[in-house]
Amino acid sequence: LRLIKTSELDPGVWVTEDQKIENYVAKGIYFIDITDIKNETTLLRLSTVPEEAHIQARAVTYPSALSHTTEANNLIAQLTTVGPKSWLQTLTDFYNRYYRSTYGTQAGTWLLSQIKSIAAPNSAITVTTFTHSFSQPSIIVRVPGTSSNLIIVGAHYDSTGGSSTARGPGADDNGSGVVTQLEALRVIAASSFKPKNTIEFHFYAGEEGGLLGSQAVMANYASAGKTVLAFVCQDMTGYSPSGKVSVYTDYSDSGLVSYVRKVVVQYAGGSYTTDTCGYGCSDHASAYANGFPAAYVCDEVIKTSSPYIHSPNDAYSTISFDAILRHSKFTVGFLIEASYL
């Protein structure tokens, strides 16, 4: 059995792995699996309703203006949808990418190989796996800087179709976020860009099981005393009737949210939408709970977001590659700008 929380005030309930998916994920109820969380400070954060003062207490000071537009735009000009279309086809061809299934493990093996290939032009880039109690690993790509301070973008690659055995192509949720990051990595790896701060791309396992992959990685980073200057999660980037990037505001660092909005305006379409998504809605909650400045960027506000997620209908055919390209532009712009923080 696993212990999950659906809010700060929820003391927790013990459920089976299948109940997590069928009774919560499939019904749109967000939760965090706290079974393996040992850090008392993290557990306290997960049980304390955030207040603005609490959020800002550990905030980094972000620039009021963006000053590396020429460098960023040179890389953004090289982004295309060719790779994302191919990569997303492969990701959605897996029967599902459920983190406890053989398909989920196979998807991780394919993704690791693909990432190594994309990163190969820059021999300084390292690609490692972060293993979990389940067989699907998280994957961490590191672009070393002159400083060990970290700028991280993260996206989960597992999926579910509403049960542990259902067809779950997970095109928008979250194959789209994965290929968004892959395309940004491709352009950065192929360039001569050398960051000041170290850049990491995280590809998380087990998000649909209660943020399992990101929670383990962020707990490890916190216990190791790593300095994370900014963490941005992208979960769903390929379904956008509004045609605008959406910047969510809850369980996030208010200073980083303002900075992210500046990046969106500069590099990803000139305007944005905004929303909140509640407790444990995606992997930024793991960074937040472990004391790191976090933000969440998505393709749409909840009201007009994809109606197909967590079902067999979250299919390749529903994806807008214009939206994915828009998010790839944001990702590159953010990484270049934030690398100089």
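To keep things clear, this report deals only with the structure shown in the data block.

What counts, and where the lines are drawn
- Residues numbered from 1 in each chain as written.
- Predicted model: local features only at pLDDT ≥ 70, side-chain atom pairs only at ≥ 80, totals over all residues.
- Heavy atoms only, no water.
- Pairing = 2+ DSSP bridges.
- Helix = DSSP H or I, 4+ residues; strand = E, 2+ residues; numbered from the N terminus.
- Core = buried A, V, L, I, M, F, W, Y, C linked by side-chain atoms within 4.5 Å.
- Buried < 20%, exposed > 50% of the residue type's maximum accessible area, 1.4 Å probe, protein only.
- Contact = heavy atoms within 4.5 Å.
- Axes fitted to C-alpha atoms, helices over the stretch in contact; angles between N-to-C directions.
- 1 Å grid on protein atoms, 1.4 Å probe; cavity = no way out; pocket = protein on both sides within 12 Å on 5 of 7 lines; lining within 4 Å.
- Points joined across faces, edges and corners; volume = space filled by probe spheres on them.
- Nonpolar A, V, L, I, M, F, W, Y, C, P; charged D, E, K, R; others polar.
- Parallel < 35°, antiparallel > 145°, perpendicular 65-115°, else oblique.
- Left-handed = near helix turned anticlockwise from the far one by under 90°.

### Looking at the sheet that holds strand E1 (residues 2–5)
Reading across from one edge, E2-E1-E3 is the order of the three strands in this open sheet, with antiparallel pairing throughout. A single partner strand is all that each edge strand has here, and the edge strands are strand E2 (13–15) and strand E3 (32–33). Pairing of E1 with E2 involves three bridges; the strand directions are antiparallel. Within E2, the residue paired with Ile 4 across the bridge is Val 13.

### Points about the nonpolar core
By size, the foremost hydrophobic cluster in this structure holds 74 residues, and its most contacted members are Leu 111, Ile 115, Phe 201, Phe 203, Val 260, Phe 330 and Phe 334. Here Val 260 is in contact with Val 232, Val 247, Ala 295, Val 297, Phe 330 and Phe 334, once residues within four sequence places are set aside.

### Focus on the sheet that holds strand E11 (residues 294–298)
Hydrogen bonds along the backbone pair up the strands of a sheet, which may run parallel or antiparallel. Spatially, the eight strands line up as an open sheet ordered E4-E5-E7-E6-E8-E11-E9-E10, and their pairing is mixed. Only two strands of the sheet have a single neighbouring strand rather than two, namely strand E4 (126–130) and strand E10 (272–275). Going from strand to strand, the sheet's axes swing by 25° on average, the running direction of each strand aside. Sheet topology places strand E8 (residues 228–234) next to E11; four bridges connect them, and they run parallel. Among the inter-strand pairings, Gln 234 is bridged to a residue of E11, identified as Val 297. Against the sheet, helix H7 (residues 171–190) engages strand E5 (138–143), strand E6 (147–156), strand E7 (197–204) and E8, with an angle of about 140° to E6. Docked against the sheet, helix H8 (residues 212–223) engages E4, E5, E6, E7 and E8, running at close to 150° with respect to E7.

### Observations concerning empty space enclosed by the protein
Under the counting rule described, the total for this entry stands at one cavity of 30 Å³ or more. One number sums up the size of the largest cavity: a volume of about 50 Å³. At the level of elements, helix H2 (40–46) and helix H10 (284–289) are the ones that each hand at least two residues to the lining of the largest cavity. Top contributing element to the lining of the largest cavity by residue count: H10, with three residues. Taken together, the residues of the lining of the largest cavity break down into seven nonpolar, two polar and two charged.

### Looking at the packing of helix H5 (residues 82–93) against H7
At a closest axis distance of 9 Å, the pairing of H5 and H7 adopts a crossing angle of 140°. By the criterion of interaxial angle, the relationship of H5 to H7 is oblique. Crossing geometry of H5 relative to H7 is assigned as right-handed. Of the residues in H7, those touching H5 at Pro 84, Trp 87, Leu 88, Leu 91 and Thr 92 are Ala 171, Gly 175, Ser 176, Val 178, Val 179, Leu 182, Glu 183 and Arg 186. When the residues that make up the contact of H5 with H7 are grouped by side-chain class, the tally is eight nonpolar, three polar and two charged.

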